[in-house]
Amino acid sequence: MAVQLGARACGSRGYQREKGAAEHPAVAGERYAFDFLSTRIPQTSWYVPVRLWRGMAVCLHHFGLVLIDLDRWQASGLPSTYWIDLLNTLQQPCVLLWQDQWLTAQALVKARLQIKLGLFHRIHARHTYTAKIDQTTAEAFLQQHHLQGSTTAKIKYGLFLKKQYVQKYIHQPVLPLNDTLVAVATFSAGRTMKWGERRNTRSYELLRFGSLQGYVVVGGFDKLLQAFINEYPMLVS
């Protein structure tokens, strides 16, 4: 069957299974994920889930969502590039949600889906400032607010909301009010390029960027990146 996630592909109503296939135990978890979505957006703006060969998909007006069951996937024998190839054929933005991510990081996944749906709180970067942070601070924040957790990084920056704005932007703030970390960006150490067009420049890698669950800091990433560029020039003197 076709695995397009465009409106035509998702026009069918109800669950569909391969002919003769039994309902899989993971379906209950899949339905729970879609139940969560259905409480966030009007039913008229999305199509009922359609069961694919190795997963389940739902098409929203905002994006397509594919839930991938690990047991079915591992038993399928499909190449590791299957989902990437699928994404390249889609006619709208799509999110792949693997079963292990839903089971182990459900709060983060829900927050990310709500942001995709435009359901989030805004913080304006003009009310924040950047500062270097240590590995412990970066790790604690990213473990809580980034789907991939933390990783060792040479350079670490935090974006702090000034305390006079905390009560305005943060729901249920911790008292007493202090400057609050709302986003983190971490970078690798610099590597000097010795050949080619980029000779005598230093190369860095952005390792992680994460913001507070359920919040978008408007202009926050640009502010963190500019702080990094100001302190770490790319040209080797």
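Residues numbered from 1 in each chain as written. Predicted model: local features only at pLDDT ≥ 70, side-chain atom pairs only at ≥ 80, totals over all residues. Heavy atoms only, no water.

**Points about the overall build of the protein chain**
Part 1: Scanning the protein chain for helices and strands turns up 8 helices and 12 strands.
Part 2: Across the 237 residues that make up the protein chain, the buried fraction comes to 39%.
Part 3: Counting contacts in the protein chain only where the partners sit at least 6 residues apart, residues at least 24 apart contribute 69% of the total. (Helix = DSSP H or I, 4+ residues; strand = E, 2+ residues; numbered from the N terminus. Buried < 20%, exposed > 50% of the residue type's maximum accessible area, 1.4 Å probe, protein only. Contact = heavy atoms within 4.5 Å.)

**Some points on the packing of aromatic side chains**
Part 1: As enumerated under the stated definition, the model contains 6 aromatic pairs in all.
Part 2: Geometrically, the ring pair formed by Tyr-129 and Phe-160 is stacked, given 5.5 Å between the ring centres and 15° between the ring planes. With Tyr-129 in strand β6 (residues 128-132) and Phe-160 in strand β7 (residues 155-161), this pair connects stretches of sequence that are 31 residues apart.
Part 3: Given a relative accessible area of 31%, Tyr-129 falls into the partly exposed group.
Part 4: Judged by its relative accessible area of 17%, Phe-160 is buried.
Part 5: Taken together, a centroid distance of 5.4 Å and an interplanar angle of 25° make the contact between Phe-228 and Tyr-232 stacked. (Phe/Tyr/Trp six-rings, centres within 6.5 Å; stacked < 30°, edge-to-face > 60°.)

**Examining the environment of Lys-223**
Part 1: On the secondary structure map, Lys-223 appears in helix α8 (residues 220-231).
Part 2: Sequence-distant contacts of Lys-223, that is, excluding residues within four places in its chain, are made with Ala-125, Arg-126, Thr-128, Tyr-129, Thr-130 and Leu-159.
Part 3: Of note is the side chain of Lys-223, whose polar atom sits 2.8 Å from the backbone oxygen of Ala-125. (Polar contact = N/O pair within 3.5 Å; in protein donor to acceptor, adjacent residues only side chain to side chain.)

**Things to note about the pattern of salt bridges**
Part 1: Going through the model one piece at a time under the given rule, you end up with 1 salt bridge.
Part 2: Here Glu-231 and Lys-132 are joined by a salt bridge, their closest N and O atoms 3.2 Å apart. In this pair, Glu-231 sits in helix α8 while Lys-132 sits in strand β6, placing the two residues 99 residues apart along the sequence. (Salt bridge = Lys/Arg side-chain N within 4 Å of Asp/Glu carboxyl O.)

**Side note on the sheet that holds strand β8 (residues 180-187)**
Part 1: One open sheet holds the 4 strands; their spatial order is β6-β7-β8-β11, and the pairing between them is antiparallel. The strands lining the two open edges of the sheet, one partner per strand, are β6 and β11 (206-211). Between one strand and the next, the sheet's axes are offset by a mean angle of 20°, whatever the strand orientation.
Part 2: By the bridge criterion, 7 bridges tie β7 to β8 in an arrangement that is antiparallel. From the neighbouring strand, Phe-160 faces β8, where its bridge partner is Leu-181.
Part 3: The sheet contacts of helix α6 (residues 135-145) involve β7, β8 and β11, and relative to β8 the element is tilted by about 105°.
Part 4: Along the sheet, α8 makes contact with β6, β7, β8 and β11, crossing β7 at roughly 135°. (Pairing = 2+ DSSP bridges. Axes fitted to C-alpha atoms, helices over the stretch in contact; angles between N-to-C directions.)

**Some details on the side chain of Arg-208**
Part 1: On the secondary structure map, Arg-208 appears in strand β11.
Part 2: A distance of 3.0 Å separates a polar side-chain atom of Arg-208 from the backbone oxygen of Gly-149.

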